[in-house]
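# What the coordinates show
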Amino acid sequence: MLVVQQQIGAIMNKVAKVTIFFWIMKIIATTLGETAGDFISMSLGLGYYIAFAVTFAILAILLFFQIQSDRYRPALYWLAIIATTTAGTEVSDLMDRSLGLGYAMGSLILVASLLSVLAIWYYRDRDLSVYPIVRKDAETTYWLAIVFSNSLGTAFGDFLTSNLGLSYIQGAFVTASVIGVVIALHYVTKLNDVLLFWLAFIFTRPFGATFGDFLTKPIKDGGLSLPRGYASVIAFILLAVVLFFSVRKEKKVRYPIE
């Protein structure tokens, strides 16, 4: 009976399975979110308020179709993830530069928001599992948690470089080290996998933020000075390639050749 329920859940599932491909694409998506967010607000000269409105309008449209979808659609899901990472960039910049809250205060607000969403989710379902997700209310909470976690990760990454004075590559190494610790905890301890998932999900965002800044910021500031548009296109193509191989492998596992 349990096996049957698991098979039904996998068929009706709406979100990506957490595999090594998932984390590779998440890191690429966070880098893309950083470069694309800065491209919209800075390179296009729209400013943080308009960029915030544009990115959240796109995010709302993508999440509407994602939540209304009858099953997991890889391209739609990862477009939504990219939108959440881009929106996270705009939220972090808006809170710091337009509202004057600073990255530290912004991070505290986002931590409280994320914990509130997770608390509501757990109170309702007594479970925070991120796969499979079938019900629309669970998926809505899932995406809210992702938006807050990506925004938090962005603010934390900016805090490392702007407040603590780390270079972009140093910030990337710090967050990569945290991710490494989370991976180690997964294999050598019995800590809850859901807790470890959200920790990894949060800290892959500042890694992408700092690495994205490293690619696009001026050389005098410690970056490589790549055009934000070019960096975004390269990251998008790389994500699409990894997604292609991920979907291909999943199909082979699900429908093996006799």
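The sections below set out a description of the structure shown in this document. Quick caveat, the model's predicted, so the values are computed rather than measured.

### A short note on the overall build of the protein chain
Helix and strand content of the protein chain: nine helices and zero strands. Secondary structure elements of the protein chain, listed N to C terminal, follow the sequence α-α-α-α-α-α-α-α-α. Over its C-alpha trace the protein chain gives a radius of gyration of 18 Å, about what one expects of a compact globule, namely 18 Å for 258 residues. Counting only C-alpha atoms, the protein chain reaches 60 × 40 × 40 Å along its principal axes. Look at the contacts in the protein chain between residues 6 or more apart in sequence, and 76% of them connect residues 24 or more apart. Split by element, the accessible area of the protein chain, about 13,300 Å² in all, is 72% carbon and sulfur. Across the protein chain, the 20 positively charged side chains and the 16 negatively charged ones have centroids separated by 7 Å.

### Let's talk about the environment of G212
Within the fold, G212 resides in helix α8 (residues 193-216). For G212, a relative accessible area of 0% puts it in the buried group. Distance in space between the C-alpha atoms of G212 and V111 is 22 Å, their sequence separation being 101 residues. When sequence neighbours within four positions are dropped, the list of residues in contact with G212 reads T31, E34 and T35.

### Thoughts on the nonpolar core
What tends to happen in soluble globular proteins is that the nonpolar side chains get buried as a cluster. Within the largest apolar cluster, 52 residues are counted, with the highest numbers of intra-cluster contacts made by Y77, W78, I81, W121, Y142, W143 and W198. Of all the secondary structure elements, the ones that give two or more residues to this core are α2 (20-43), α3 (47-68), α4 (74-98), α5 (102-125), α6 (136-163), α7 (168-188), α8 and α9 (228-254). When residues in this core are grouped by element, the largest group, 10 residues, is from α4. Not counting residues up to four positions away in its chain, the partners in contact with Y77 are K14, V15, A16, F22, Q66, Y72, Y142 and W143.

### Structural notes on the pattern of salt bridges
On inspection of all chains with the given rule, the structure shows eight salt bridges. Of the charged contacts in the structure, one is a salt bridge between D70 and R73, with a shortest N-O distance of 3.0 Å. Take D70: its relative accessible area is 51%, and that puts it in the exposed class. Via salt bridges that share partners, R124, D125, R135 and D137 belong to a single interconnected network.

### Thoughts on the environment of K14
Of note, K14 is situated in the loop between α1 (2-12) and α2. Residue class for K14 comes out buried when judged on its relative accessible area of 3%. K14 sits 71 residues away from T85 along the chain, and the two C-alpha atoms are 19 Å apart. Those residues in contact with K14 that lie beyond four places of it in its chain are Q66, I67, S69, D70, R71, Y72, Y77, I133, V134 and E139. Within the structure, the side chain of K14 is placed 2.7 Å from the side chain of E139, a separation counted as a polar contact.

### Some thoughts on the packing of α6 against α8
Any two packed helices are characterised by how steeply their axes cross, that is the angle between the axes, and by the distance between the axes. Here α6 crosses α8 at 45°, and the two axes come no closer than 7 Å. Taken together, the axis directions place α6 and α8 in an arrangement best described as oblique. You can see that α6 and α8 cross each other, and the crossing is right-handed. Of the residues in α8, those touching α6 at Y142, A145, I146, S149, N150, L152, G153, T154, F156, G157, D158 and T161 are W198, F201, I202, F203, R205, P206, A209, T210 and D213. Looking at side-chain class alone, the contact of α6 with α8 contains 11 nonpolar, seven polar and three charged residues.

### Considerations on the packing of aromatic side chains
Any pair of aromatic rings gets described here by the distance separating the centres and the angle formed by the planes. This structure, assessed with the given rule, holds 19 aromatic pairs. Residues W121 and W198 carry aromatic rings whose centres are separated by 6.4 Å and whose planes lie at 80° to one another, so their mutual orientation is edge-to-face. Note that W121 is positioned in helix α5 and W198 in helix α8, a separation of 77 residues in sequence. Residue W121 is classed as buried on the basis of its relative accessible area, which comes to 2%. Among the aromatic side chains, those forming a connected cluster through ring pairs are F22, W23, Y72, Y77, W78, W121, Y142, W143, F197, W198 and F201. Across from the ring centre of F201, 4.2 Å away, lies the NZ or CZ of K26, which sits over that ring.

Parameters at a glance
- Residues numbered from 1 in each chain as written.
- Predicted model: local features only at pLDDT ≥ 70, side-chain atom pairs only at ≥ 80, totals over all residues.
- Heavy atoms only, no water.
- Helix = DSSP H or I, 4+ residues; strand = E, 2+ residues; numbered from the N terminus.
- Rg over C-alpha atoms; globule rule 2.2 N^0.38 Å.
- Contact = heavy atoms within 4.5 Å.
- Areas by Shrake-Rupley, 256 points an atom, 1.4 Å probe, with all protein chains shown as cover.
- Lys, Arg positive; Asp, Glu negative; His and termini not counted.
- Charge placed at Lys NZ, Arg CZ, Asp CG, Glu CD.
- Buried < 20%, exposed > 50% of the residue type's maximum accessible area, 1.4 Å probe, protein only.
- Core = buried A, V, L, I, M, F, W, Y, C linked by side-chain atoms within 4.5 Å.
- Salt bridge = Lys/Arg side-chain N within 4 Å of Asp/Glu carboxyl O.
- Polar contact = N/O pair within 3.5 Å; in protein donor to acceptor, adjacent residues only side chain to side chain.
- Axes fitted to C-alpha atoms, helices over the stretch in contact; angles between N-to-C directions.
- Parallel < 35°, antiparallel > 145°, perpendicular 65-115°, else oblique.
- Left-handed = near helix turned anticlockwise from the far one by under 90°.
- Nonpolar A, V, L, I, M, F, W, Y, C, P; charged D, E, K, R; others polar.
- Phe/Tyr/Trp six-rings, centres within 6.5 Å; stacked < 30°, edge-to-face > 60°.
- Lys NZ or Arg CZ within 6 Å of the ring centre and 35° of its normal.

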